[in-house]
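Structural overview
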Protein chains: 2
Amino acid sequence: MNRPANDRLLRALRREPVDATPVWIMRQAGRYLPEYRAVRERAGSFLKLCTTPELACEVTLQPVRRYPLDAAIVFSDILTVPDAMGLGLHFVEGEGPRFARPVRTDADIDALGVPDPETELRYVLDAVRLARAGLAGSVPLIGFAGSPWTLATYMVEGGSSRDFAVIKRLLFDRPELLHRLLDVLARAVASYLHAQIAAGAQAIMVFDTWGGVLDPASYRAFSLAYMERIVAALPREYDGHRIPVILFTKGGAQHLDAIAASGCDAAGLDWTADLAAARARVGGRIALQGNLDPAVLYAAPERIRAGVAGVLEAYGAGSGHVFNLGHGIHADTDPERVAVLVDAVHELSAPYHA
Amino acid sequence: MNRPANDRLLRALRREPVDATPVWIMRQAGRYLPEYRAVRERAGSFLKLCTTPELACEVTLQPVRRYPLDAAIVFSDILTVPDAMGLGLHFVEGEGPRFARPVRTDADIDALGVPDPETELRYVLDAVRLARAGLAGSVPLIGFAGSPWTLATYMVEGGSSRDFAVIKRLLFDRPELLHRLLDVLARAVASYLHAQIAAGAQAIMVFDTWGGVLDPASYRAFSLAYMERIVAALPREYDGHRIPVILFTKGGAQHLDAIAASGCDAAGLDWTADLAAARARVGGRIALQGNLDPAVLYAAPERIRAGVAGVLEAYGAGSGHVFNLGHGIHADTDPERVAVLVDAVHELSAPYHA
């Protein structure tokens, strides 16, 4: 059975009528859930959790069991792709990801190849297959990857960065070399996402976490252009069903016109975007996903409901909206508040679809 | 003598004709200059440098001696104001500013008072007076302060932050308490800037470094509203001359319409903003300042000139533009490249003012 019993997400991404606005939450399988922390402890490390399909499947399903969410997203990390390219990913407690072998020289970049997903990233595809089976047709499963630009920032900087000085030096002083890196990454990500679709992913999201640190011309040339290539390379239908693609550039609201013309089905918006203005700008060309500030979940239930109401009102009547936070949920969020949010979205959105 | 010999900056901020686009650089008095590092070493600490008027004056004048810049900005730090309010500012090497006594409770906030600039911040005003005398009417001197919202983030978080979880919890759960903090900060900043003008500052810039982390409604209510109060509280003329005010919200390009209506004379733009679109949006109501990515200074001279040309072309013909970087200059910038940039601005902008 290919059509999930709850197909609100897929319908909203196609801008078809729905009975209520679908909702899922970035990082919904994560540290704010005690059942996640228990599995994470059992795994021993974050990477072990990512690379053990049974455990990754288990945490993928946890939030869907706890809340009436309209989608699951496979539990993984965007940096599995550069890890499969040989960079040696590890996590330093409290400091985030690090690569043992950052990529900086011509030789480093020319040595990179496109990983074979079914061998080098098989653990992710197995997690997709297990999660899809575990969902048993209840809600759709989202697959994902990092954007080429975002992956490149980690690969060149060697980890997280505040000012992106190393990769920007490359961008402004050796643009042709950076283009070579982005080219191989675009091919790797397209191949990887294609494999996730074949393994059962029913929608795709590309996380461009760091596209927003670029000036507008550089964003189009070094980030969006490569996401466009990925969108064009993916099958628009698989097994008789359209596979929608969501592009999420954090801090990218200024580029919505260009994003809407990229061939994607939807744009994710962070909480700094004006959702009403965004809808007016895309003018029905694509769907929109977002965009409540995750910090609203620190507030009392009635304030959370007011925050949800504000986002729904900003989007207005009709389909084409997927409710989400504007960023991943904070690890110290009270799980009870998430229940308030999910219920509020379904309850308060119904009138907009009457 | 109140009118500087080089009054390009003041004319551009008033949108009056100029012979070339004026240029200054955020953090132009800073670590990238060897002569700055020598004085900083002599001072013993960053805070000692800030609080010793003769040394602060010396580093204020250094970049103006080295480059044909069109303005000086007094060397100081935005956190001197909360320090004067009793929070105990110190700097942890490699980690940035910290407050010994962060502000979080009703009692903490109610205990805050407006410092008397001529006593508690006299060292800044003395630096302004010395720098103004040292410039000897060559170029105008800019005074500055942090925005109330930006100062509040440091005061509540206790230092720098990545996700602003503590202050956003306050914003969403106790908005009235945050408004009380912002109210006293707006009064403190207005009083401080007024004193800088009386001491000789000929233009004012308000740094809203963290306004861009807010959703649009919160930005207007918790950041812009308090900057508007400051603009309204400042004398628009002093000693017969108009004192222009520049508001700089990093990541604030989406809010330009509201900023243009705030009463300010100019908006600073970071490098992610589309300068041509920004000019079209403000439609001559205010001047614009910015916005080259500081990382362009890592590139070869011909690429720096191309970057400058791109910004000048984006703004187009006519006055109302102050060239600047979109963010503070990086500490590892080669000073020779800064000379390339300043010369390129003057040379390449002349045709736009013919």
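Preceding this paragraph is the structure being described.
Residues numbered from 1 in each chain as written. Chains lettered and ligands numbered in written order. Predicted model: local features only at pLDDT ≥ 70, side-chain atom pairs only at ≥ 80, totals over all residues. Heavy atoms only, no water.

For these two chains of identical sequence, chain A goes onto chain B by a turn of 180° and a shift of 0.0 Å along the axis, with RMSD 0.0 Å. Such a combination of rotation and displacement between the chain copies is what one expects of a two-fold axis. For chain A, the residue whose C-alpha comes nearest the rotation axis is Gln-254 of chain A, separated from it by 3.6 Å. A shared interface surface links the copies, since 100% of the contact residues of chain A are contact residues in chain B too. (Least-squares fit on C-alpha atoms with pLDDT ≥ 70 in both. Contact = heavy atoms within 4.5 Å.)

All names here are of chain B. Taken in spatial order, the seven strands of this open sheet run 1-4-5-8-9-10-11, and their pairing is parallel. Here the strands that pair on one side only, and so sit at the sheet edges, are strand 1 (72–73) and strand 11 (321–325). Pairing of strand 8 (residues 245–249) with strand 9 (residues 266–268), which is carried by three bridges, proceeds in the parallel orientation. Across the sheet, Phe-248 pairs through a bridge with Gly-268, a residue of strand 9. (Pairing = 2+ DSSP bridges. Helix = DSSP H or I, 4+ residues; strand = E, 2+ residues; numbered from the N terminus.)

Below, the discussion takes up the pairing of strand 11 (residues 321–325) of chain A. Residues and elements named next belong to chain A. Counting buried positions along strand 11 yields five of five residues, so the element is predominantly enclosed. Burial along strand 11 is two-sided: His-321, Phe-323 and Leu-325 facing one way and Val-322 and Asn-324 facing the other are all buried. Relative to strand 11, strand 10 (residues 287–292) runs parallel, the two being bridged by five bridges. Its bridge partner lying in strand 11, Leu-288 is registered against His-321. Each parallel crossover has a hand, and the one from strand 10 via helix 15 (residues 301–315) to strand 11 is right-handed. (Buried < 20%, exposed > 50% of the residue type's maximum accessible area, 1.4 Å probe, protein only. Right-handed = clockwise from strand over helix to strand, strands pointing away.)

Let's shift gears to the state of the cysteines. All names here are of chain B. Within the structure shown, the criterion is met by zero disulfides over all chains. Of the cysteine sulfurs around Cys-57, a residue in no disulfide, the closest is that of Cys-50, at 14 Å. Classification of Cys-57 by relative accessible area gives buried; the value is 9%. (Disulfide = S-S within 2.5 Å.)

All names here are of chain A. As for its placement among the helices and strands, Asp-183 is situated in helix 11 (residues 175–199). The sequence separation of Asp-183 and Trp-149 amounts to 34 residues, and the corresponding C-alpha distance is 10.0 Å. Those residues in contact with Asp-183 that lie beyond four places of it in its chain are Tyr-226 and Arg-229.

A few words on helix 5 (residues 80–87) of chain B. Residues and elements named next belong to chain B. In terms of burial, helix 5 is largely enclosed, as six of its eight residues are buried. Buried-residue contacts for helix 5 involve strand 2 (89–92), strand 3 (96–99), helix 7 (117–120), helix 8 (122–135), helix 9 (148–157) and helix 11 (175–199). Trailing helix 5 by a residue or two, Gly-88 shows a phi angle of about 75°, which is positive.

So, about the packing of aromatic side chains. To describe a pair of aromatic rings, one takes the distance between the centres and the angle between the planes. Per the counting criterion, the structure on display carries twelve aromatic pairs over all chains. When the centroid spacing of 4.9 Å and the interplanar angle of 70° are considered together, the rings of Phe-46 of chain A and Phe-91 of chain A count as edge-to-face. Of this pair, Phe-46 of chain A sits in helix 3 (residues 46–51) while Phe-91 of chain A is found in strand 2 (residues 89–92), placing the two residues 45 residues apart along the sequence. Classification of Phe-91 of chain A as partly exposed rests on a relative accessible area of 33%. Geometrically, the ring pair formed by Phe-207 of chain A and Phe-248 of chain A is edge-to-face, given 6.3 Å between the ring centres and 85° between the ring planes. Linking Phe-207 of chain A in strand 5 (residues 203–208) with Phe-248 of chain A in strand 8 (residues 245–249), this pair joins segments that are 41 residues apart in sequence. An aromatic cluster is defined as three or more aromatic residues linked by ring pairs; in this entry it consists of Tyr-36, Phe-46, Phe-75 and Phe-91 of chain A. Sitting over the face of the ring of Tyr-315 of chain B, Arg-279 of chain B holds its NZ or CZ atom 4.0 Å from the ring centroid. (Phe/Tyr/Trp six-rings, centres within 6.5 Å; stacked < 30°, edge-to-face > 60°. Lys NZ or Arg CZ within 6 Å of the ring centre and 35° of its normal.)

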